[in-house]
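Summary of the model geometry
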Amino acid sequence: KVSGPLAGRKAIVTSGPTHEPIDPVRYIANRSSGRQGHAIAAALAKLGADVTLVSGPVGIADPPGIRVVHVERAEEMLEAVLAGLPADIAVMVAAVADWRVATTAGEKIKKKPGEAPPPLQLAENPDILKTVGHHAQRPKLVVGFAAETQNLETNAREKLKRKGADLIVANDVSPGTGIMGGSRNSVRVVSKAGIDAWPDLSKEEVAERLAALIAERLAALS
Ligand code: C5P
């Protein structure tokens, strides 16, 4: 029998980037290793939660003992997340591409000597966090991330409201911080109550603290 403070709780976590195909061989994407999202899924499971990890294409292994749904595009990621509802907890960590290519070419687009590069028409992708944060089956606790290179706290507070989240974990991903793709993270946790600056930690430690905070907040709700 499962034990721990999150036993009997269902969690959905997104992680990694999404790949938005241009044609069968090319895509657009955000930078994301999936390390933070995967660590959060593992930390929630360690506290007893029943976790579904919806992962974009990453180069790291599935965390053991967790249900993992592998997706490529944002639209597929949204579908997999919605299929996981109802849930108690949603932690949306994926670096979802804001845009997809409006019409994906069925064949590789040929480079023609002397011709101008093909134009890329983009369409807006669904905002998965915002959809979940305003859903009729909204999980009791909705957590998002805010990777910013400037105005970290202002952007995070704005994101909390707009996306319908309870917590936003904000990190500075400016080049030179080493956070993107690296093993450490330095975050500020923004909630209605205010902002909590966490020390520089490994991504596993950030995950464990966040899982503990989630357990604490859920316990306070019910
Ligand atoms: O708006 P922005 O991309 O900065 O918001 C980041 C947060 O929103 C992250 O939690 C990310 O996983 C989530 N997000 C999402 N779907 C999108 C864009 C962002 O779930 N299309």
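The residue count restarts for each chain, going from 1 along the sequence in the order it is written. Restriction of local features to residues with pLDDT of at least 70 applies here, the model being predicted, together with a cutoff of 80 or more for giving and counting side-chain atom pairs; totals for whole chains, interfaces and linings are based on all residues.

1. Things to note about the UniProt feature "binding site: CTP" (unreviewed entry) in the chain
- UniProt positions are given in the numbering used here, feature names are shortened, and annotations may be inferred rather than shown by experiment. If you check UniProt for "binding site: CTP" (unreviewed entry), the listed places come out as Asp-98, Lys-108, Pro-126, Asp-127, Ile-128, Leu-129, Phe-145, Lys-159 and Lys-163 in our numbering. What stands out for the annotated residues spanning 66 residues is how far apart their C-alpha atoms range, the widest pair being 37.6 Å apart.
- Numbering goes from the N terminus for both helices and strands, where a helix is a DSSP run of H or I of at least four residues and a strand is a run of E of at least two. Topologically, Lys-159 is positioned in helix α4 (residues 152-163).
- Exposure remark for Lys-159: the 21 C-beta atoms within 10 Å place this residue in the buried category.
- Not counting residues within four places of it along the chain, the set of residues in contact with Lys-159 comprises Gly-144, Ala-146 and Ile-168.
- As for its position among the elements, Lys-163 is in helix α4.
- The residues touching Lys-163, leaving out its near neighbours within four places in the chain, are Leu-129, Lys-130, Gly-133 and Gly-144. With C-beta atoms placed from the backbone, the exposure class of a residue follows from how many other C-beta atoms lie within 10 Å of its own: 20 or more, buried; 12 or fewer, exposed; in between, partly exposed. Two residues form a contact once the distance between their C-beta atoms, set from the backbone, is within 7 Å.

2. Topic: the site of the ligand
- Any residue whose C-beta atom, as placed from the backbone, lies within 6 Å of a molecule or strand is termed near it. Taken together, 14 residues lie near the ligand, and Met-92, Val-96, Ile-128, Leu-129 and Gly-144 sit nearest.
- Elements represented by at least two residues in the shell around the ligand include exactly α3 (128-133) and β9 (141-148).
- Looking at side-chain class alone, the shell around the ligand contains nine nonpolar, three polar and two charged residues. Basically, the charged four are Asp, Glu, Lys and Arg, the nonpolar ten are Ala, Val, Leu, Ile, Met, Phe, Trp, Tyr, Cys and Pro, and anything else, Gly included, counts as polar.

3. Some details on the pairing of strand β4 (residues 50-55)
- With respect to burial, β4 is a largely interior element, five of its six residues being buried.
- Taken together, the six bridges between strand β1 (residues 10-15) and β4 define a ladder with parallel strand orientation. Opposite Lys-10, over in β4, you have Asp-50 as the bridge partner. Two strands qualify as a pair provided that DSSP identifies no fewer than 2 bridges between them.

4. Quick look at the environment of Ser-33
- When you line up the elements, Ser-33 lands in the loop between β3 (26-29) and α1 (35-46).
- In this structure Ser-33 comes out as partly exposed when scored by C-beta crowding, with 19 C-beta atoms within 10 Å.
- Considering only alpha carbons, one finds Ser-33 and Arg-157, 124 residues apart in sequence, at a separation of 25 Å.
- The residues contacting Ser-33, other than those within four sequence positions of it, are Val-58, Ile-60 and Gly-181.

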